[in-house]
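# Commentary on secondary and tertiary structure
Residues per chain, in single letters:
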Amino acid sequence: MKEVYLDNSATTCAYESVGDLVRKVMCQDYGNPSSMHKKGVEAERYIKEAKETLAKLWKVQEKEIFFTSGGTESDNLALIGAARANRRAGNHLITSAIEHPAIINTMRHLEEEGFRVTFLPVDRYGRIRLDALKSALCKDTILVSVMYVNNEVGSVQPIQEAAGIVKAYNRNILFHVDAVQGFGKYRIYPKRLKVDMCSVSGHKIHGPKGIGALYIDSGVKIQPIVFGGEQQRNIRSGTENVAGIAGLGLAAKLIYENLDEKVAGMRLLKQHFIKGVSEIENTTIHGLYDETSAPHIISVGFAGIRSEVLLHALEERGIYVSSGSACASNHPQVSGVLKGIGAGQEFLDATLRFSMSEFTTGEEIDYTLETLKELVPALRKYTRR
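Summarised in this report is the structure supplied together with it. (Residues numbered from 1 in each chain as written. Predicted model: local features only at pLDDT ≥ 70, side-chain atom pairs only at ≥ 80, totals over all residues. Heavy atoms only, no water.)

Before going further, it helps to spend a moment on the overall build of the protein. Along its length, the protein carries 12 helices and 12 strands. Summarising its shape, the C-alpha atoms of the protein cover approximately 65 × 55 × 35 Å along the three principal directions. The 385 residues of the protein split such that 58% are buried. Once local pairs closer than 6 in sequence are excluded, the contacts in the protein between residues at least 24 apart make up 74%. In the protein, 47 positive and 45 negative side-chain charges are present, and the distance between their average locations comes to 5 Å. (Helix = DSSP H or I, 4+ residues; strand = E, 2+ residues; numbered from the N terminus. Buried < 20%, exposed > 50% of the residue type's maximum accessible area, 1.4 Å probe, protein only. Contact = heavy atoms within 4.5 Å. Lys, Arg positive; Asp, Glu negative; His and termini not counted. Charge placed at Lys NZ, Arg CZ, Asp CG, Glu CD.)

On the surface, a cluster of positive charge is made up of K56, K59, R192 and K253. Relative to the elements of secondary structure, K56 occurs in helix α2 (residues 38-58). (Patch = residues over 30% accessible without salt bridge, like charges linked within 9 Å, V, L, I, M, F, W, Y side chains within 5 Å. Areas by Shrake-Rupley, 256 points an atom, 1.4 Å probe, with all protein chains shown as cover. Salt bridge = Lys/Arg side-chain N within 4 Å of Asp/Glu carboxyl O.)

The next thing to look at is the sheet that holds strand β6 (residues 174-178). Reading across the sheet, the seven strands line up as β2-β8-β7-β6-β5-β3-β4 and stay open at both edges, with mixed pairing between neighbours. For this open sheet the edge positions go to β2 (65-68) and β4 (116-120), each flanked by a neighbour on one side alone. Sheet twist, expressed as the mean angle between neighbouring strand axes with direction ignored, is 20°. Against the sheet, helix α3 (residues 71-85) engages β2, β3 (92-96), β5 (141-145), β6, β7 (197-201) and β8 (212-216), with an angle of about 160° to β7. (Pairing = 2+ DSSP bridges. Axes fitted to C-alpha atoms, helices over the stretch in contact; angles between N-to-C directions.)

Our focus in this paragraph is the pairing of strand β12 (residues 351-355). The element β12 is extensively covered by neighbouring structure, given that five of its five residues are classed as buried. The alternating pattern of β12 places T351, R353 and S355 on one face and L352 and F354 on the opposite face, and all of these are buried. Pairing of strand β10 (residues 297-302) with β12, which is carried by five bridges, proceeds in the antiparallel orientation. Its bridge partner being in β12, S299 is matched across the sheet by R353.

Angle between the axes and distance between the axes: these two values describe a pair of packed helices. Two elements in contact, α2 and helix α8 (residues 242-255), have axes separated by 8 Å at closest approach and are oriented at 30°. As α2 packs across α8, the resulting crossing turns out to be left-handed. For the pair α2 and α8, the contacting residues are A43, Y46, I47, A50, T53, L54 and L57 in the first and V242, I245, A246, L248, G249, A252 and K253 in the second. Classifying every residue of the contact of α2 with α8 gives 11 nonpolar, two polar and one charged. (Left-handed = near helix turned anticlockwise from the far one by under 90°. Nonpolar A, V, L, I, M, F, W, Y, C, P; charged D, E, K, R; others polar.)

With 98 residues, the main nonpolar core has F67, Y148, F175, F302, L310, F354 and L372 as its most contacted residues. It is α8 that contributes the most residues to this core, nine residues altogether. Once residues lying within four places of it in the same chain are set aside, the contact partners of F67 are I47, A50, K51, L54, I211, G212, A213, Q232, R236, I245 and L248. (Core = buried A, V, L, I, M, F, W, Y, C linked by side-chain atoms within 4.5 Å.)

Moving on: the sheet that holds strand β9 (residues 283-286). Strands in a sheet are paired, the pairing made by backbone hydrogen bonds, and the direction either parallel or antiparallel. Strand order across the open sheet formed by three strands is β9-β10-β12, with antiparallel pairing between neighbours. Both outer strands of the open sheet, β9 and β12, are each paired with one neighbouring strand and no more. In this sheet, adjacent strand axes meet at a mean angle of 30° when their direction is disregarded. By the bridge criterion, four bridges tie β9 to β10 in an arrangement that is antiparallel. Of the residues in β10, the one forming a bridge with H286 is S299. Strands in contact with helix α9 (residues 259-277) are β9, β10 and β12; relative to β10, the strand with the most contacts, it is inclined by about 5°. With respect to the sheet, helix α10 (residues 307-316) is in contact with β10 and β12, its orientation differing from that of β12 by roughly 40°.

Here you go:
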């Protein structure tokens, strides 16, 4: 049976060379980077090389890069660490209503600690309303967090404009970006964007799972949320995941090679898919799908069919997709993102996310379209009965 993987926003397959490197580090160069002997020095070299790669890609200093267990920990460290460290300056935090659970749930936790959080509304395309951001800023605001690309509908946020508004109001307000879905699809330069902290994850860019990175501008005051042996300048303690770090560094280097060609290829496939799926009655594309949207994410509502039913029907044909954020997939619930953009009631539990990578082919997209055109009408008839 043909196998088509269109759930790349949940995770990607690792580059073969990344898998080879991870195994080499785990099985041969397995030293503890804090050890002073040769094995430790070898391990430390992998960390230094990964920092050099990320620093070059982001145009930042190596000392401003910290490795974590993934995007979620990076988000937690940025939000909790910065909020607690700057509490004397104020207790007001701002984010959008359609952030990833790693941001939303962390903000909820900070509310329990006594912080006040404003969740900004978005327009029908999933972009934050800049007028609402302006109105929300106040003398107690200390941190704003806005994602680069929405993980469900692929909307790209106006980060530079938003950060400009924040810094014009008060240059001391910190601006954090969850760039987990944007890294590897866009060239991201935090300092140029006026971004103080930026989170990324390895397994979204054909790297290993369980590894992430956080850029923290050298001027940011932040407290650790993990305590131990004071590794990574005591910002993130714990023996570094050297194999994961090495894999992340190599994946980041590889994904940015010929980036424009890769993105252009995904955009062509996205437009082809949207044209084909739009031929199916009672479907809708959530968010924008032109050049201003992410190249790899397509959110489609199929009225009259529960998303879970269609997902498993596609799975039986070897096609793997998602019904929303993978982090919430084990606990099905109505998407806060779809609610936030004002999606019709008939689509709230009838939407699938199709997400591509540089390895997705036109043949795979055609097979998926053919399968959808066969399954959707049949499932609707069954549902009506």
